[in-house]
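Residue-level structure breakdown
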Amino acid sequence: MRKVILMMSVSIDGFFEGPGGELDWHLIDEEIHTHFNEQLGAMSAFLEGRITYELMEGYWPTADADPAASRPVAEFARIWRDMPKIVYSRTLETAGSNSTVVREVVPEDVLALKAQPGGDMVVGGANLAASFMRHDLVDEYRLYVHPVVLGRGRPLFPGSSAPIAVRLAETRTFGSGVVLLRYLRG
């Protein structure tokens, strides 16, 4: 059975974006971008909320057309175009090529996706991730902790009525000081 993986960058105080939605504090150098490409290129689908999808779709389909694009950027542009995407949105009517719009998270439908053959799936977008967490659909957490304290912003994990038990499966420190914390459920 394939897994749903939550893969997200956070500050050391747990925010995934600054108070105005800023992401400019992310330390994405060639080493980390290459790592992301390796991880994401092995997935079978991107499960995304509308905001994340529109942000990504606004840049990545043609990012490799820029002659100044680095090797990791050009590589991810190809990954993005080729990867099937399921976009969860109540307002989006259509999505780009290789994308399917789904109106809401239906646990039985996600479980059916997980039962299909293929690689794991990555969930993107904090609102969508929170919905997947509420429905107990996240199998693995890959948190990339950036060496910055934002002090305020939008927390990755919303308040919850019950703890989620996880066990540490891997840590990795990148040259920039970003640390991967990889946790498996239970």
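1. Focus: the pairing of strand S4 (residues 85–88)
Both faces of S4 are covered, namely the face carrying Lys85 and Val87 and the face carrying Ile86 and Tyr88. In the sheet, strand S3 (residues 45–49) pairs with S4 via four bridges, with the strands oriented parallel. Within S4, the position partnered with Phe46 by the bridge is Lys85. Across four bridges, the pairing between S4 and strand S5 (residues 99–102) is parallel. Looking at S5, one finds that Val87 is bridged to Val101.

2. Some words on the confidence of the model for the protein
The pLDDT averaged across the protein works out to 94; a share of 100% of its residues lies at or above 70. Element-level mean pLDDT values for the protein span from 91 in helix H5 (residues 126–134) up to 98 in strand S9 (residues 166–173).

3. Some thoughts on the side chain of Thr34
Along the polypeptide, Thr34 turns up in helix H1 (residues 30–41). For Thr34, the contacting residues outside a window of four places in its chain are Arg71 and Pro72.

4. Some thoughts on H1
For H1, built from 12 residues, the straight-helix expectation of 16 Å at 1.5 Å per residue is met to within 8% by its first-to-last C-alpha distance of 16 Å. Of all the residues in H1, the buried ones are Ile32, His33, Thr34, His35, Phe36, Asn37 and Leu40. The backbone nitrogen of Glu31 has a side-chain oxygen 3.3 Å away, supplied by the residue at the start of H1, namely Asp29.

Reading guide: rules and limits
- Residues numbered from 1 in each chain as written.
- Predicted model: local features only at pLDDT ≥ 70, side-chain atom pairs only at ≥ 80, totals over all residues.
- Heavy atoms only, no water.
- Buried < 20%, exposed > 50% of the residue type's maximum accessible area, 1.4 Å probe, protein only.
- Helix = DSSP H or I, 4+ residues; strand = E, 2+ residues; numbered from the N terminus.
- Pairing = 2+ DSSP bridges.
- pLDDT = per-residue confidence, 0-100.
- Contact = heavy atoms within 4.5 Å.
- Expected span 1.5 Å × (residues − 1).
- Polar contact = N/O pair within 3.5 Å; in protein donor to acceptor, adjacent residues only side chain to side chain.

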